[in-house]
Amino acid sequence: MPLTVKSRRKRSTRIAVTVLSGVLPVLLGFAILYMQAGRALQQSTEQTADEALRQFNLMLDNTAEAARVLLPLAGNSCNDATLALREQVTRRPFVRSTNLVYDNNLYCSSLFGEHQEKVNPGDYTQGQLWLMNGNPVTPNTALLVYRLSDEKKGALTTLDGYHLSNVLRLIGRQTSLLLQVGNHWLAADGKVRDGALPVLPVAQSVRVSKQYAFTVAAGFPEGETWRYMSSEYPPLFSLLIFFGVVSGSIGHILQKRASSPSVELQRALEAGEFIPYFQPVVHGDTKKWSGAEVLMRWSHPKEGLVRPDLFIPFAEHSGLIVPMTRSLMQQTAALLAPISASFDSPFHIGINITASHCQDLELVEDCRTFLGAFAPDSISLVLELTERELIEPTALTHQLFEQLHGLGVMIAIDDFGTGHSSLGYLRQFNVDFLKIDQSFVAMIGADALSRHILDSIIELSAKLDLGIVAEGVETQEQSDYLTAHNVNFLQGYLFGRPMPGADFINALSHH
Ligand code: G
Ligand code: G
Ligand code: MN
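Just so it is clear, the model here is predicted, and its values are computed rather than measured.

Caption draft 1: Local environment of the site of ligand 1. In the vicinity of ligand 1, the contacting residues are Leu-295, Met-296, Arg-297, Arg-307, Pro-308, Asp-309, Ile-312, Leu-328, Asn-352, Thr-354 and Asp-414. Asn-352 is positioned with one of its side-chain polar atoms (N or O) 3.3 Å from an oxygen atom of ligand 1. If one sorts the elements of the shell around ligand 1 by residue count, strand 13 (residues 289-300) sits on top with three residues. For the shell around ligand 1, the class distribution of residues is five nonpolar, two polar and four charged.

Printed below as a string of structure tokens:
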């Protein structure tokens, strides 16, 4: 059935839509995962930096406490203070050494006792902290010096860099974690370097201590987001691919599914797939070709030639039957008008119309255009209206039929005998022809009752002075019977099957 096949889009478009519906969800999911990974890494560096800040603050609290205890001793003789200095070193876990200063001169140390060394307050960030890369006792070992001063009195307590780099290493784990004091910074490898902090390109978080003059920075090297995704998300990737395949398949299936019949008919109309076939109608007595009925065929790109019973009901329902018939009339005119001058008597051209043609006066214009294409008086146009769905007699339909008759268009009741038209109806619409339905013609030679029905129809049309066409004439017997009963016109396989325009014109030239 052609109406279930959709080929509205080109093949390349269909493939593109399928691929897009498969790839888009994957890309979207991938983008979401990328953002999710970025957020996870950011959260991780923030937590790491917070934790490191807390640890360093605690360690410095301990170191600063030692300096606070010792500061009052500054200026006292070193001998008297040494014990107190060493006691702080012993008692406090992170304190490595303690020193007393007077007038910017370090004069007493927990390690050496009496000792002389200049102190430059400018070395200390905010006068408080100095991150050194070792001292003469332990060169190349990081050292954080805390300075507390009160006028000329001063105390210096040092924190071993080993503890600091331990914190950086243990808390940092996967994260790069750095401690910055002024112009120096320490990494997890325990080395102190000079200069500005290096930029950590992925998810960098920086925390500044409120109590002490240091900063902590956490972050990841370039490419960490991808590394994180490839280590954490493989199951999600499989899920994404699965969704992509499902959604691509759905896209593919939806495209293959039928579009609504009216969309498909509209497409076919635009593509010019509705073409006329012609079946000859012959004179009852001479059997010479007197005309033809135009029968619509759908030349479907996939289904081949489709018979009208399969699609005319849809066309009527969607209102497309009017433009479809117009197209059929245009094609018929284009085929037959060029040879119309050679028709000796008016050639009957039968066009099937439906009730939906009778809802406005458009049909009048279509018929005028059609007749205008032919040589004057070369054809007579017969509109065939099926008896199965006859129209309501209204002011508009009367106007329509009046105007059609004014143009010289004739009306035939098609499939006569299968419906229930009243005699009043035949008179009201000024019908010119009855087309006896082929089921009655098929009764010829059968039982007597059936033949009576046929005979009555023939008789009736004679009394009403209507032309009569017998349809579906297949045998010589039927033909002889109908001719003997003065049926004016015959149509059926015996005389010719419905055929394409070119074949019809060719056959016409031999008759
Ligand atoms: O021979 P065929 O199979 O063509 O005809 C099948 C049915 O379709 C017939 O009842 C015929 O009247 C109808 N039909 C054929 N062509 C047209 C047309 O152009 N318009 C309408 N409304 N019906 C048609
Ligand atoms: O419009 P109408 O219902 O009259 O359409 C005529 C229908 O009858 C078309 O489907 C046409 O193909 C078909 N037809 C025409 N001649 C014959 C015939 O001799 N025998 C049979 N069985 N069908 C015919
Ligand atoms: Mn017909």
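Caption draft 2: Inspection of the coordination of the manganese ion (ligand 3) at higher detail. Looking at the manganese ion (ligand 3), one finds its protein donor set to be Glu-293 (OE), Asn-352 (OD1), Glu-384 (OE) and Asp-414 (OD), positioned 2.1 to 2.4 Å from the metal centre. Counting residues between consecutive donors of the manganese ion (ligand 3) along the chain gives the motif E-x58-N-x31-E-x29-D. Here the residue Asn-352 occupies a position in strand 15 (residues 347-353), and Asp-414 occupies one in strand 17 (residues 410-416), the gap between them amounting to 62 residues.

Caption draft 3: Region of interest: the site of ligand 2. Inspection of the region around ligand 2 gives 13 residues, with Gln-279, Asp-414, Glu-471, Glu-474 and Tyr-493 positioned closest. Glu-293 is positioned with one of its side-chain polar atoms (N or O) 3.0 Å from an oxygen atom of ligand 2. Between a nitrogen atom of ligand 2 and a side-chain N or O atom of Glu-474, the distance comes to 2.4 Å. Isolated, ligand 2 exposes 510 Å² of accessible area, and the fraction of that covered by the protein chains is 78%. Here the shell around ligand 2 is built from residues that sort into three nonpolar, five polar and five charged.

Caption draft 4: Representation of the environment of Leu-328 within the structure. In this structure, Leu-328 sits in helix 8 (residues 321-336). Sequence-distant contacts of Leu-328, defined by excluding residues within four places in its chain, comprise Ile-275, Pro-276, Val-294 and Met-296.

Caption draft 5: Representation of the sheet that holds strand 6 (residues 153-160) in the model. Strand order in the open sheet made by the six strands is 3-2-1-6-5-4, with antiparallel pairing throughout. With one partner strand each, in any of the chains shown, strand 3 (113-118) and strand 4 (129-134) form the two edges of the open sheet. On average, each strand axis in the sheet is tilted by 30° relative to the strand beside it, whichever way the strands run. Sheet analysis places strand 1 (residues 95-102) next to strand 2 (residues 105-109), joined by four bridges and oriented antiparallel. Paired with Asn-99 across the two strands is Ser-109, which belongs to strand 2. Packed on one face of the sheet, helix 3 (residues 161-172) meets strand 4, strand 5 (139-150) and strand 6 and runs near 50° to strand 6.

Caption draft 6: Looking closely at the domain arrangement of the chain. Each domain of the chain was delimited in the assignment, giving domain 1 (59-162) and domain 2 (273-508). The straight-line distance from the C-alpha centre of domain 1 to that of domain 2 is 118 Å.

Caption draft 7: Region of interest: the pairing of strand 13. Of all 12 residues that make up strand 13, 11 are buried, and the element is covered over most of its length. Pairing geometry for strand 12 (residues 274-283) and strand 13, over nine bridges, is antiparallel. Bridging across to strand 13, Val-282 finds its partner in Trp-289. The loop that links strand 12 with its antiparallel partner strand 13 comprises five residues; one of these, Lys-287, has a positive phi angle of about 65°. Direction of pairing for strand 13 relative to strand 15: parallel, over a ladder of four bridges. Directly across from Gly-291, in strand 15, lies its bridge partner His-348. Here strand 13 pairs with strand 14 (residues 304-306) via three bridges, running antiparallel. Following the sheet pairing, Ser-299 is matched in strand 14 by Leu-305.

Calculation notes
Residues numbered from 1 in each chain as written. Chains lettered and ligands numbered in written order. Predicted model: local features only at pLDDT ≥ 70, side-chain atom pairs only at ≥ 80, totals over all residues. Heavy atoms only, no water. Near = heavy atom within 4 Å. Polar contact = N/O pair within 3.5 Å; in protein donor to acceptor, adjacent residues only side chain to side chain. Helix = DSSP H or I, 4+ residues; strand = E, 2+ residues; numbered from the N terminus. Nonpolar A, V, L, I, M, F, W, Y, C, P; charged D, E, K, R; others polar. Donors = N, O, S within 2.8 Å, 3.2 Å for Na, K, Ca; no water. Areas by Shrake-Rupley, 256 points an atom, 1.4 Å probe, with all protein chains shown as cover. Contact = heavy atoms within 4.5 Å. Pairing = 2+ DSSP bridges. Axes fitted to C-alpha atoms, helices over the stretch in contact; angles between N-to-C directions. Domains from an automatic or database assignment. Buried < 20%, exposed > 50% of the residue type's maximum accessible area, 1.4 Å probe, protein only.

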